[in-house]
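Spelled out from the first residue to the last, the chains are:
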Amino acid sequence: MSEQEKKTENQILDAAKEVFYRKGYAGARMQEIADEAKINKAMLHYYFRSKDKLFERIFLESFQNIFPMIINIFVSEDSFEKKIEDFFEKYLNFLLKNPYLPGFVLYELSHNPDNLSKLFEENLPLGRIELFKNAFAPPEGYIQDIDPRQLFTNLLSWAVFPLVAKPILSEVYQMDKEEYFEFINERRTLLPKLFLNSIREK
């Protein structure tokens, strides 16, 4: 692939992310993606034969970017507290740069759950269940009998929900784009404190 072809492909991927984010998978149209990328529809189909193929490419790249980052945080030698801080900081940074991703995951979960299973098999290390169990075992000073699955579920949901619920939050609290961005930024420092306090022994 030539440099120009790579540039055009990246241009299409960036445009598709924007359209998928605005319209969701079901509402996105190939013509709208072509318009966003400033190319004709024939060229779009030359690079990606269908909306499904385009969606799969973006989803796979996003998946491959986020999960190694999460794994690296929790297999590090850092303290439990530092891991929680790094998770919220890096995960929210990633979601702000890729706001379409939570919607993609929800779509895949409801329409193509087998695709997600395949992605996990191909991109996460063997023994991942034990890896995550060990990664989420809190040290002394925290409640010891919490199922690690519950901890990880809370981490994900606390980080992801405000991105999924952006239309609701923006409407209820009358936040424009800049105010919403500041709201998410504030959560990066707030969430580690809330999460750690929620599992400290009283």
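Scroll up to find the structure this text is about.
Because the structure is predicted, anything quoted here is derived from the model rather than measured. (Residues numbered from 1 in each chain as written. Predicted model: local features only at pLDDT ≥ 70, side-chain atom pairs only at ≥ 80, totals over all residues. Heavy atoms only, no water.)

Colleague: I'd like to hear about the environment of Asn 185, residue by residue, with values.
Modeller: For Asn 185, the position within the fold is in helix α11 (residues 177-198). For Asn 185, a relative accessible area of 18% translates into the label buried. C-alpha of Asn 185 to C-alpha of Phe 55: the two residues are 130 residues apart in sequence and 28 Å apart in space. (Helix = DSSP H or I, 4+ residues; strand = E, 2+ residues; numbered from the N terminus. Buried < 20%, exposed > 50% of the residue type's maximum accessible area, 1.4 Å probe, protein only.)

Colleague: Please give an account of the nonpolar core that cites residues and values.
Modeller: Note that soluble globular proteins tend to have their nonpolar side chains buried in a common cluster. By size, the foremost hydrophobic cluster in this structure holds 57 residues, and its most contacted members are Phe 20, Ile 33, Leu 54, Phe 74 and Leu 155. Mapped by element, the contributors of at least two residues to this core are α1 (3-27), α2 (30-37), α3 (41-47), α4 (51-74), α5 (80-97), α6 (101-111), α9 (148-164) and α11. Ranked by the residues each element gives to this core, the list is headed by α4, at 10 residues. (Core = buried A, V, L, I, M, F, W, Y, C linked by side-chain atoms within 4.5 Å.)

Colleague: Explain the packing of aromatic side chains to me, using residue names and the numbers behind them.
Modeller: Applying the stated criterion across every chain yields a total of 9 aromatic pairs. Judged by centre distance (5.6 Å) and plane angle (90 degrees), the rings of Phe 20 and Phe 55 are edge-to-face. You can see Phe 20 sitting in helix α1 and its partner Phe 55 sitting in helix α4, a full 35 residues away along the chain. Note on accessibility: Phe 20 and Phe 55 belong to one class, buried. Among the aromatic residues, those joined into a ring-pair cluster are Phe 74, Phe 87, Phe 88, Tyr 91, Trp 158 and Phe 195. (Phe/Tyr/Trp six-rings, centres within 6.5 Å; stacked < 30°, edge-to-face > 60°.)

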